[in-house]
Amino acid sequence: MSVFASKDFDDHESVLFFHDRNTGLKAIIAVHDTTLGPALGGTRMWAYRNDEEALEDVLRLSRGMTYKSSLAGLNLGGGKSVIIGNARTDKSEALFEAFGRAVDTLGGKYIAAEDVGTSVADLEAARHTTPHIAGISEGKVGDPSPATAWGVFNGLLAAAEFRLKRPDLKGVRVAVQGLGHVGYGLCEYLAEAGAELVVSDIYDKLVNKAVQNLGAVAVAPETITSQDVDIFAPCALGAILNDKTIPDMKATIVAGSANNQLAEPRHGIDLMNRNILYAPDYAINAGGIIIISHEGPGFNRQKAMQEVAGIHQTALRIFERAARDNKPTGEIADTLAWERIEAARARKHENTKIRKITG
């Protein structure tokens with residue numbers, strides 16, 4: 001397994017592998033870019049099939065965090081961590097304390113938060129051994145999932161406004177894949193807005209909850225991408241937009257919370273050619289990192305959530321520029337994010353030159 005030869009390696013600054021003999025911790029931390037500030041990103045715990053799959057995931061996710069923070073206008077870089085293990089059976093306080101020690105070796109270059117398979121309680125255990133943890137009760141933010149769901153809802157609203165020419169979501173059919181903290185939260189917002197829900201998840205308990213509480217229609221997980229709906233909202237794991245799913249897709253909009261939804265960049269072109277509007281995942285799922293950026297003694301949740309709602313305008317800006325330039329929305333989002341990073345690099349370079357001349 002070679003990091004540098006991986007197709008997902010993108011000039012990452014650091015990729016570190018950690019193993020703790022006492023707890024069995026096996027983790028990878030990837031720091032993609034810290035031009036704008038320290039790398040903030042979640043900690044995913046997943047039963048990866050092998051180390052290569054875990055490496056691929058952390059490299060892609062950390063790169064996405066760089067672009068997410070930049071596009072959201074935050075002074076934060078991009079990083080991510082993965083813990084290899086079953087989140088339902090392999091957790092222990094000691095394991096997350098060991099993970100905290102791993103995070104601490106980076107000296108604040110990487111700040112960990114929660115992600116798929118981890119919780120606020122898990123990260124609070126990691127906080128015992130490092131101060132470089134965000135999104136916990138100490139910072140008054142707690143679980144950032146509600147903010148992520150709120151941001152995705154606002155991005156989805158922008159997509160409906162732009163493509164469906166709808167001022168609201170009454171009667172709009174939305175297929176939601178994945179009913180975790182963010183997916184179910186999104187369903188609650190959609191149901192309140194009058195949308196008709198079609199849902200799937202690998203856990204029946206979560207599906208039954210959406211059916212009973214929100215009037216959703218349940219379908220088999222393998223059929224969710226091809227449902228006859230207006231909007232497909234992927235809220236599970238990545239690479240769901242691929243050669244197999246895109247040809248059978250009936251939705252005219254894709255807007256969800258999952259990271260790295262495009263299996264490859266070319267699939268963004270495929271969606272555009274099929275006249276399917278794609279809301280770039282990191283553009284609309286930035287609510288969690290936005291609210292975490294507000295944490296601290298003076299935390300104001302209402303103010304933070306208002307900023308999260310600004311994702312609506314960010315999404316519209318991407319859609320409008322993509323239509324004007326006849327380019328995939330993902331390419332436009334990447335361009336906007338990278339422009340800010342390049343400008344920051346140019347300023348740093350100029351300041352360095354000035355210091356050399358004057359110092």
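Definitions and cut-offs
Residues numbered from 1 in each chain as written. Predicted model: local features only at pLDDT ≥ 70, side-chain atom pairs only at ≥ 80, totals over all residues. Heavy atoms only, no water. Core = buried A, V, L, I, M, F, W, Y, C linked by side-chain atoms within 4.5 Å. Buried < 20%, exposed > 50% of the residue type's maximum accessible area, 1.4 Å probe, protein only. Helix = DSSP H or I, 4+ residues; strand = E, 2+ residues; numbered from the N terminus. Contact = heavy atoms within 4.5 Å. Phe/Tyr/Trp six-rings, centres within 6.5 Å; stacked < 30°, edge-to-face > 60°. Lys NZ or Arg CZ within 6 Å of the ring centre and 35° of its normal. Pairing = 2+ DSSP bridges. Axes fitted to C-alpha atoms, helices over the stretch in contact; angles between N-to-C directions.

A few words on the nonpolar core. Membership of the largest hydrophobic core comes to 61 residues, with the highest contact counts inside it found for Val-174, Val-176, Leu-190 and Val-199. The element that contributes the greatest number of residues to this core is helix α4 (residues 145-164), accounting for 7 residues. In this structure, Val-174 is in contact with Leu-156, Leu-190, Ala-195, Glu-196, Leu-197, Val-198, Val-229, Ile-231 and Ala-233, ignoring residues within four places of it in sequence. Ranked by size, the runner-up nonpolar core spans 23 residues in total, among them Ala-27, Val-31, Leu-95 and Ala-102.

Moving on: the packing of aromatic side chains. Aromatic ring pairs are reported here in terms of the distance separating the ring centres and the angle at which the planes meet. For the structure shown, the criterion picks out 7 aromatic pairs. For the pair Phe-4 and Phe-9, a centre-to-centre distance of 5.3 Å together with 85° between the ring planes defines the contact as edge-to-face. Judged by centre distance (5.6 Å) and plane angle (40°), the ring pair of Phe-162 and Phe-319 falls under tilted. One end of the pair, Phe-162, is in helix α4; the other, Phe-319, is in helix α11 (residues 311-325), with 157 residues separating them in the sequence. The class of Phe-319 is buried, set by a relative accessible area of 1%. In textbook terms, an aromatic cluster arises when at least three aromatic residues are bridged by ring pairs, as seen for Tyr-67, Tyr-282 and Trp-338. Directly above the ring of Tyr-203 sits Arg-88, whose terminal nitrogen or CZ lies 4.0 Å from the centroid. Here Lys-165 stacks its cationic end above the ring of Phe-162, 5.3 Å away from the centre of that ring.

Here we take up the sheet that holds strand β5 (residues 110-114). Strand order in this open sheet of 5 strands is β1-β2-β4-β3-β5, and the pairing throughout is mixed. At either margin of the open sheet sits one strand with a lone partner, and together these are β1 (14-19) and β5. Neighbour-to-neighbour, the strand axes of the sheet open up by a mean angle of 20°, direction not taken into account. Note: strand β2 (residues 26-33) against strand β4 (residues 77-84), 6 bridges, orientation antiparallel. Residue pairing in the sheet places Asp-33 in a bridge with Gly-78 of β4. Against the sheet, helix α1 (residues 51-71) contacts β1, β2, β3 (39-46) and β4, and its axis sits at roughly 155° relative to β4.

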